[in-house]
Amino acid sequence: MALDDILKQVPIDDVAAKLGVSHDEAKAAVEQGGAVLLSGLARNASTSEGSSAIENALKRHEGSTGAKRVDDIDQNDGGKIVSHILGADEKKVTKKLNESKETAGIDFGKLLPILAPIVMGLIANATKSKDTGAGGKTQSGGGGLGDVIGGLLGGGSSSGGSGGIGDLLGGVLGGLFGKK
């Protein structure tokens, strides 16, 4: 599983229409926004409290799949997910993404709530399949959740021209998700 799996679940053309940008601009923004959400989840999953909270949230998203249209996505729920993932850094992260040269003109304040339920659904389904394969429950802070999130992050730039994701993540997340 990789970041490309998120792209397959997102109605890119509908996102482009909603944001008033081209298909390629929307795709680049979805890649960057998805990577930021995954990084935030990975950071949160690194503590037993954060991992437990994520696992509880994932239960609500099991079985969900991608949407055909943006209007099919519960963006209110998405906004809550983004707030939980990014916490106090939400405004700083969104501002930094909005200022990115690679995605000029994208309103990440609108995009992240669209992506968040899709990302959660993918992780929930991937984690559930790991659970059923192991015959048991994912342990809090244990490898199942971390492996799934890490797998999504690790496979992020297979589409050649998207090498900027790592650079963007470093720039956006550099000081924001550091140890406090």
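Look up: the structure comes first, before these words.
Only a predicted model underlies this, so the values are computations on that prediction, with no experimental measurement involved.

Basis of the calculations
- Residue numbering note: each chain is counted from 1, following its sequence as written.
- Side-chain atom pairs in this predicted model are given and counted only at pLDDT of 80 or more, local residue features only at pLDDT of at least 70, and totals for whole chains, interfaces and linings cover all residues.
- Side-chain figures throughout are based on the complete set of non-hydrogen atoms in the structure, without hydrogens or water.
- Numbering of helices and strands starts at the N terminus; helices are DSSP runs of H or I of at least 4 residues and strands are runs of E of at least 2.
- Relative accessibility under 20% of the residue-type maximum defines a buried residue, over 50% an exposed one, and the middle range a partly exposed one, all with a 1.4 Å probe and only protein chains included.
- A contact between two residues is defined here by any heavy atoms of the two lying within 4.5 Å.
- Every accessible area reported is derived by Shrake-Rupley at a probe size of 1.4 Å, with residue values counting cover from the shown protein chains alone.
- Each axis is a line fitted through C-alpha atoms, taken for helices only over the stretch in contact, and angles between the N-to-C directions span 0 to 180 degrees.
- The cut-offs work like this: below 35 degrees is roughly parallel, past 145 is roughly antiparallel, 65 to 115 is roughly perpendicular, and the gaps in between are oblique.
- For salt bridges, the criterion is a side-chain nitrogen of Lys or Arg within 4 Å of an Asp or Glu carboxyl oxygen.
- Remark: nonpolar core denotes a set of buried residues (Ala, Val, Leu, Ile, Met, Phe, Trp, Tyr, Cys) joined through side-chain atoms within 4.5 Å.
- Residues are grouped as follows: Ala, Val, Leu, Ile, Met, Phe, Trp, Tyr, Cys and Pro are nonpolar; Asp, Glu, Lys and Arg are charged; all remaining types, including Gly, are polar.

(A) Representation of the overall build of the protein chain in the model. Each helix and strand counted, the protein chain has nine helices and zero strands in total. For the protein chain, the α and β elements follow one another from N to C terminus as α-α-α-α-α-α-α-α-α. Per-residue burial for the protein chain yields a buried fraction of 47% across its 180 residues. Across the protein chain, every contact between residues at least 6 apart in sequence was considered, and the portion connecting residues at least 24 apart equals 79%. When the accessible surface of the protein chain is totalled, it reaches about 8,700 Å², and 49% of it is carbon and sulfur.

(B) The packing of helix 3 (residues 23–45) against helix 4 (residues 48–59), seen in detail. One can describe the packing of helix 3 onto helix 4 by two numbers: an axis separation of 6 Å at closest approach and a directional angle of 125 degrees. With respect to their mutual orientation, helix 3 and helix 4 come out oblique. Of the residues in helix 4, those in contact with Leu41, Asn44 and Ala45 of helix 3 are Gly50, Ser51 and Ile54.

(C) Representation of the pattern of salt bridges within the structure. Following the criterion strictly, the structure yields four salt bridges and no others. Linking aspartate 71 and lysine 18 is a salt bridge whose minimum nitrogen-to-oxygen distance equals 3.1 Å. One end of the pair, aspartate 71, is in the loop between helix 4 and helix 5 (75–86); the other, lysine 18, is in helix 2 (residues 12–19), and 53 residues separate them in sequence. Residue classification places lysine 18 among the partly exposed positions, given a relative accessible area of 42%. Of the charged contacts, one joins aspartate 89 and lysine 92 as a salt bridge, the two residues approaching to 3.5 Å between their closest N and O atoms. We classify aspartate 89 as buried; its relative accessible area is 4%.

(D) Layout of the nonpolar core. Among the nonpolar cores identified, the biggest contains 41 residues, and Val10, Val15, Val30, Leu37 and Leu111 are the most heavily contacted of them. Secondary structure elements with two or more residues in this core: helix 1 (3–9), helix 2, helix 3, helix 4, helix 5, helix 6 (90–98) and helix 7 (108–134). Top element by residues in this core is helix 7. It accounts for twelve residues. Those residues in contact with valine 30, other than ones at most four positions away along the chain, are Leu7, Val10, Ile12, Val15, Leu111 and Leu115.

(E) The packing of helix 2 against helix 3, seen in detail. Direction vectors running N to C along helix 2 and helix 3 enclose 100 degrees, while the axes themselves pass 8 Å from each other. Here helix 3 runs roughly perpendicular to helix 2, going by the angle between their axes. The segment helix 2 lies against helix 3, with Ile12, Asp13, Val15 and Ala16 engaging His23, Ala26, Lys27 and Val30. When its residues are assigned to classes, the contact of helix 2 with helix 3 shows five nonpolar, one polar and two charged.

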